[in-house]
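Structural overview for review
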Amino acid sequence: MSDLRDPDIIREDIQETREQLGEAVEALAAKANVKARAQERLSDAKRSAVTLPHKAREHPKAAGAVALALITAILLRARG
């Protein structure tokens with residue numbers, strides 16, 4: 001029980017708590033930064049868009065099936 005009142009242990013606990021609070025504040029600030037999150041999503045989307053043509057060349061049957069599905073959906077919507 002005497003360890004609990006040891007000033008060095010108390011200082012270590014305080015330092016650890018400060019670090020945990022700092023990490024929590026940083027995480028909350030990152031979540032609250034809507035602009036940065038939107039830019040990150042846009043960047044991810046751009047990166048994905050660049051790789052799509054390459055993947056279509058790797059899997060031409062799948063790309064054709066997706067294209068056919070999109071064309072069918074557009075035509076059905078136009079008729080309805």
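Just so we're clear, the structure is a prediction, and the values are computed from it rather than from any experiment.

Scanning the protein from N- to C-terminus turns up three helices and zero strands. When the helices and strands of the protein are read in sequence order from the N terminus, they spell out α-α-α. For the protein, buried positions account for 0% of its 80 residues. Total accessible area computed for the protein in this model is approximately 7,700 Å², and 61% of it derives from carbon and sulfur atoms.

Attention shifts here to the pattern of salt bridges. Across all of its chains, the model carries one salt bridge by this definition. The salt bridge partner of Arg11 is Asp8, with a shortest N-O separation of 3.1 Å. Here the residue Arg11 and the residue Asp8 both occupy positions in helix α1 (residues 7-32), the gap between them amounting to three residues, near one helical turn. The exposure class of Arg11 is exposed, given its relative accessible area of 53%.

Here helix α3 (residues 60-79) contains 20 residues, and its C-alpha end-to-end distance of 28 Å stays within 8% of the 28 Å for a straight helix at 1.5 Å per residue. Of all 20 residues that make up α3, zero are buried, and the element is exposed over most of its length.

In the predicted model, the protein carries a mean pLDDT of 84, and 89% of its residues have values of at least 70. Per-residue pLDDT, averaged within each element of the protein, yields its smallest value for helix α2 (residues 34-58) (78) and its largest for α1 (92).

Conventions we followed
Residues numbered from 1 in each chain as written. Predicted model: local features only at pLDDT ≥ 70, side-chain atom pairs only at ≥ 80, totals over all residues. Heavy atoms only, no water. Helix = DSSP H or I, 4+ residues; strand = E, 2+ residues; numbered from the N terminus. Buried < 20%, exposed > 50% of the residue type's maximum accessible area, 1.4 Å probe, protein only. Areas by Shrake-Rupley, 256 points an atom, 1.4 Å probe, with all protein chains shown as cover. Salt bridge = Lys/Arg side-chain N within 4 Å of Asp/Glu carboxyl O. Expected span 1.5 Å × (residues − 1). pLDDT = per-residue confidence, 0-100.

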